[in-house]
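# Close look at the chain arrangement
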Amino acid sequence: MVVGGRILSLERRTQFANDPANLETTTANQVKNDSTPSEWMPASSAAACTYSKRYLAVISAYSLAISAADSSALEAALQRCPSPQ
């Protein structure tokens, strides 16, 4: 596992920075800034669920590690995901 994107090669950092899965326009960007999941999470359960799934997909795709606090925040958000109808 790589801890932080600084350890990625320049090519891989460029892929990460331009990956559509890692880019999401939201009105919350100014509030979220560069906060991690333990520091910021969307207010609605549905949005937090979507955000958590995308965050974990990107982390997995780039073999990045996350802190225990971020892992706990993501797990809590995923447990509150709305059930499929």
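Cut-offs applied
- Residues numbered from 1 in each chain as written.
- Predicted model: local features only at pLDDT ≥ 70, side-chain atom pairs only at ≥ 80, totals over all residues.
- Heavy atoms only, no water.
- Helix = DSSP H or I, 4+ residues; strand = E, 2+ residues; numbered from the N terminus.
- Buried < 20%, exposed > 50% of the residue type's maximum accessible area, 1.4 Å probe, protein only.
- Contact = heavy atoms within 4.5 Å.
- Areas by Shrake-Rupley, 256 points an atom, 1.4 Å probe, with all protein chains shown as cover.
- Axes fitted to C-alpha atoms, helices over the stretch in contact; angles between N-to-C directions.
- Parallel < 35°, antiparallel > 145°, perpendicular 65-115°, else oblique.
- Left-handed = near helix turned anticlockwise from the far one by under 90°.
- Nonpolar A, V, L, I, M, F, W, Y, C, P; charged D, E, K, R; others polar.
- Disulfide = S-S within 2.5 Å.
- pLDDT = per-residue confidence, 0-100.
- Core = buried A, V, L, I, M, F, W, Y, C linked by side-chain atoms within 4.5 Å.

### Brief notes about the overall build of the protein
- Scanning the protein from N- to C-terminus turns up 4 helices and 0 strands.
- Here the protein holds 85 residues, and the buried ones make up 25% of them.
- Here the contacts in the protein between residues at least 6 apart in sequence split such that 62% fall between residues at least 24 apart.
- Counting only carbon and sulfur atoms, one obtains 54% of the accessible surface of the protein, whose full area is about 5900 Å².

### Notes on the packing of helix 3 (residues 45-61) against helix 4 (residues 68-79)
- One way to put it is that helix 3 packs onto helix 4 with a least axis distance of 8 Å and a crossing angle of 135 degrees. As far as their axial angle goes, helix 4 and helix 3 are oblique. Regarding helix 3 and helix 4, the two cross each other, and that crossing is left-handed. The segment helix 3 lies against helix 4, with Ala 48, Cys 49, Ser 52, Lys 53, Tyr 55 and Leu 56 engaging Asp 70, Leu 74, Ala 77 and Leu 78.
- Looking at the contact of helix 3 with helix 4 residue by residue, the class counts come to 7 nonpolar, 1 polar and 2 charged.

### Looking at the state of the cysteines
- Per the counting criterion, the structure on display carries 1 disulfide.
- The disulfide bridge from Cys 49 ends at Cys 81, spanning 2.0 Å between sulfur atoms. Here the disulfide of Cys 49 and Cys 81 is right-handed, its torsion about the S-S bond being about 100 degrees. Residue Cys 49 is located in helix 3, and its partner Cys 81 is located in the segment after helix 4; the two are separated by 32 residues in the primary sequence.
- Assessed through its relative accessible area of 6%, Cys 49 is described here as buried.

### Digging into the confidence of the model for the protein
- Taken residue by residue, the protein gives an average pLDDT of 81. The fraction at 70 or more is 79%.
- Per-residue pLDDT, averaged within each element of the protein, yields its smallest value for helix 2 (residues 29-32) (61) and its largest for helix 4 (95).

### Focus: the nonpolar core
- Ranked by size, the top nonpolar core spans 5 residues in total: Leu 8, Val 58, Ile 59, Tyr 62 and Leu 64.
- Beyond its immediate chain neighbours, meaning those up to four positions away, Val 58 contacts Phe 16, Ala 21 and Asn 22.

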